[in-house]
Amino acid sequence: EVVTGLPFSDFQNEELRKTFKVSLIGSHKIQRPDRPKQNIIINEVKILTQNFGPIFKHLKLLQDAVVGVLNIGSHTVEMATVILSKHKGPNAIRVQCNSDSKGTRTTLPLIHNFMNSKRPGVRYNDYELDRGLQAGQIDNIRLNGHLDHFIGGVQSLIDKNWSSYKIYPLNKLTHFIISGGGASLVGNQLKVEGPEVIMGDQWD
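A. Summary view of the overall build of the chain. Of regular secondary structure, the chain possesses eight helices and 10 strands. Within the chain, buried positions represent 41% of all 204 residues. The contacts in the chain between residues at least 6 apart in sequence include a share of 56% that link residues at least 24 apart. Counting every atom, the chain has about 12,000 Å² of accessible surface; 51% of that belongs to carbon and sulfur. For the chain, the centre of its 24 positive side-chain charges and the centre of its 19 negative side-chain charges are spaced 2 Å apart.

B. Main features of the pattern of salt bridges. Summed over all chains, the structure comprises one salt bridge. Notably, a salt bridge pairs lysine 57 with aspartate 201, separated by 3.5 Å at the nearest N-O pair. With a gap of 144 residues between them, lysine 57 in helix α3 (residues 53-58) and aspartate 201 in the segment after β10 (196-199) connect regions that are remote in the sequence.

C. Geometry of unusual backbone geometry. We note that aspartate 34 has phi near 60°; this positive angle belongs to a residue other than glycine. Considering the arrangement of structural elements, one finds aspartate 34 in the loop between β2 (26-30) and β3 (38-42). Taking the relative accessible area as the measure of exposure, aspartate 34 reaches 84% and is therefore exposed.

D. Expanded view of the nonpolar core. Core analysis: the largest hydrophobic core is formed by 23 residues, its most contacted members being Leu70, Ile72, Ile158, Phe176 and Leu190. Elements supplying a minimum of two residues to this core: β5 (65-72), β6 (77-84), α7 (148-161), β9 (175-179) and α8 (183-186). For isoleucine 158, the contacting residues outside a window of four places in its chain are Leu70, Ser163, Leu170, Phe176, Leu190 and Val192. Formed by 13 residues, the second largest nonpolar core is a distinct cluster that contains Phe52, Val69, Ala80 and Cys97.

E. Summary view of the packing of aromatic side chains. Applying the stated criterion across every chain, the model contains one aromatic pair. In this structure, arginine 17 is placed above the aromatic ring of phenylalanine 11, and the distance from its NZ or CZ to the ring centre is 4.7 Å.

F. Seen up close, the environment of lysine 21. Turning to its location among the elements, lysine 21 is positioned in helix α2 (residues 14-24). Under the relative-accessibility criterion, lysine 21 is labelled partly exposed at 34%. Along the backbone, lysine 21 and isoleucine 47 are 26 residues apart, and their C-alpha atoms lie at a distance of 7.8 Å. Contact partners of lysine 21, with chain neighbours within four places excluded, come to Val45 and Ile47.

G. Spotlight on the side chain of glutamine 96. Considering the arrangement of structural elements, one finds glutamine 96 in the loop between β7 (91-92) and β8 (98-100). Once residues within four sequence positions are removed from consideration, glutamine 96 is found in contact with Met79, Ala80, Thr81, Asn161, Trp162, Lys166, Ile167 and Tyr168.

Parameters at a glance
- Along each chain, the written sequence defines residue order, and numbers are assigned to residues from 1.
- Restriction of local features to residues with pLDDT of at least 70 applies here, the model being predicted, together with a cutoff of 80 or more for giving and counting side-chain atom pairs; totals for whole chains, interfaces and linings are based on all residues.
- Think of the side-chain values as coming from all heavy atoms in the structure, minus any hydrogens and water.
- The secondary structure listing takes helices from DSSP runs of H or I that are at least 4 residues long and strands from runs of E that are at least 2 residues long, numbered from the N terminus.
- Residue exposure (1.4 Å probe, protein chains only): buried if accessible area is under 20% of the type maximum, exposed if over 50%, otherwise partly exposed.
- Throughout, a residue-residue contact means that at least one pair of heavy atoms, one from each residue, lies within 4.5 Å.
- Values of accessible area rely on a 1.4 Å probe in the Shrake-Rupley scheme; residue burial ignores everything except the protein chains shown.
- Only four residue types enter the charge count, namely Lys and Arg as positive and Asp and Glu as negative; His and the chain termini do not.
- For the purpose of locating charges, the reference atoms are NZ of Lys, CZ of Arg, CG of Asp and CD of Glu.
- We count a salt bridge whenever a side-chain nitrogen from Lys or Arg sits within 4 Å of a carboxyl oxygen from Asp or Glu.
- Residues belong to one nonpolar core when they are buried, are Ala, Val, Leu, Ile, Met, Phe, Trp, Tyr or Cys, and are joined through side-chain atoms within 4.5 Å.
- Centres within 6.5 Å make a pair out of two Phe, Tyr or Trp rings, where for Trp the six-membered ring is used; the pair is then stacked when the planes are under 30 degrees apart, edge-to-face when over 60, and tilted otherwise.
- Whether a charge lies above a ring is judged from NZ of Lys or CZ of Arg, which has to be within 6 Å of the ring centre and within 35 degrees of the ring normal.

Structural measurements only, silent on function.
Right under this line is the structure:
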C-alpha cells in the first residue's frame, strides 16, 4: 500500500489523479545501489495533496487547531488551511488551499551567479544546485541577499492566502508550518505574525 501526494493544482485534476494512480498500481522491478533486485507489488494507492503532509508529521490530528501550511518545493509553492478537531478528521478550507508554480527552481539563475562568484572556474548544473539547496550545502546566509525577490514573492502568497478578509486570516491560525526543500532557504526571512510557527524540511 502506498500513500503519496500531488501538488494541489494537480490533485484537483481528476483525470491526472486517476492516471497517476493507475501508473503506480501493479508490479515494479526495482534495484537499489549494491542491493539485489526486488519485485514490489502495489495493490492500493492513497493520494493526498502535498500540503497536507506536514500536518501529519508535526501535529497531533486529534486536537482543536486551525493550521496554515506553506510547502516550498522545487517546482511549486503549496498552501493549505486545515481545521483539526478532537472528535473528527482534518477538514480543509478549500478556498484557502492553493498552488503556485514559482518554486525554488525559479531562483537557479541567481544561484548560478552567486556560485560562479564564490567558486570561479567550477560549473554546476541545475540538478546539482537544486540538490545543494535541499541538503543545506549552499551558504544560505550569504545567498539570502540574492533572493530578496523570491522571498518577497513567497511573502505575497502568504499575505494573499491568509489576508484579513479571508475565512481564516493569519491571526486566527493556531499553527503555521513552513516546510519543503525551500523552508531552510527562506523560512527565517518570512513574516508570519500570530500563530505558532513550525519549521519543517524537505521530507515533510
